[in-house]
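# Structural overview
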Amino acid sequence: MTPGALGEVLGLPPIPRGTWAGEATYVSPAALRRGEDPGEMADRLRALPGIAAVRVRPGGLLEIAVAVPGELVTEIGAAVPKGTVGVGGGAPWRDLPRTWANPGFVVGYAHARAVAVQRWAAELGVGGDFRPELLAGPRDRAVLRLLAELHGRRVSRDPGWAAYAEQLALAYHDAFEGAAALPSGDEEPSELHAARVRLARAVRDVLAEVLAALGETAPERL
């Protein structure tokens, strides 16, 4: 179950909560806004494929756990309908200096790294069917947790694109360095590598979208 599909059921984008290090959860006020009984809506949601659990929180909010959070990358990369991306103002960054203390460098370098992973993966023969359930490591989950915010930010009046880009970039750098998407040495390409390459593609696409919303060009190389 992806946030986009869940949002269609609920009538508004679900809000990711927690770190997702364990359970991947969203909360939603959909029942309250639609004037429906939260318990009845929870029962309907539990019957949907990809839903692991639904709990009714005090006040009527629904807490929804998805079974395979990695599925959300499958809906990233399609063209965004005109007018659905909130404008967050210009990016408050400079290109220089190219150090980790400069958020502009951190964001641009993350996009360039995600682009490079696609190129290197093709050269190394990393491919095959995408298995989203393999994106279960803590670094993969941290990236997924931030990607899950995309739908809500797209429709927000104040999407906070700059801060979001910085958070996603930092999480991706951590994944790039600690959860390899590419085989090293004599290691054979695996399904896990392929899943992480697909995750990197999602990061590339989201950072490009966010940078465009900020009036910036996403760098292919640094």
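Above this text you will find the structure in question.
Residues numbered from 1 in each chain as written. Predicted model: local features only at pLDDT ≥ 70, side-chain atom pairs only at ≥ 80, totals over all residues. Heavy atoms only, no water.

Now for the pairing of strand β3 (residues 51-56). Two strands pair when backbone bridges link them, and β3 and strand β4 (residues 62-66) are joined in this way by five bridges, in the antiparallel orientation. Along β4, the bridge assignment pairs valine 56 with leucine 62. Turn length for the β3-β4 hairpin, with the two strands adjacent in sequence and antiparallel, is five residues, and the turn residue glycine 59 shows positive phi of about 95°. (Pairing = 2+ DSSP bridges. Helix = DSSP H or I, 4+ residues; strand = E, 2+ residues; numbered from the N terminus.)

Moving on, we come to the side chain of arginine 113. Mapping arginine 113 onto the fold places it in helix α4 (residues 103-124). Residue class for arginine 113 comes out buried when judged on its relative accessible area of 11%. Here arginine 113 is in contact with Trp100, Tyr172, His173, Phe176 and Glu177, once residues within four sequence places are set aside. (Buried < 20%, exposed > 50% of the residue type's maximum accessible area, 1.4 Å probe, protein only. Contact = heavy atoms within 4.5 Å.)

Viewed as axis vectors pointing N to C, α4 and helix α7 (residues 161-178) meet at an angle of 45°, and their least axial separation amounts to 9 Å. Taken together, the axes of α4 and α7 are oblique relative to one another. As for the relative orientation of α4 and α7, their crossing is left-handed in sense. In this structure, α4 contributes Pro103, Val106, Val107, Tyr109, Ala110, Arg113, Ala114, Val117 and Trp120 to the contact, and α7 contributes Ala165, Glu166, Ala169, Leu170, Tyr172, His173, Phe176 and Glu177. Across the contact of α4 with α7, the residue classes tally to 13 nonpolar, one polar and three charged. (Axes fitted to C-alpha atoms, helices over the stretch in contact; angles between N-to-C directions. Parallel < 35°, antiparallel > 145°, perpendicular 65-115°, else oblique. Left-handed = near helix turned anticlockwise from the far one by under 90°. Nonpolar A, V, L, I, M, F, W, Y, C, P; charged D, E, K, R; others polar.)

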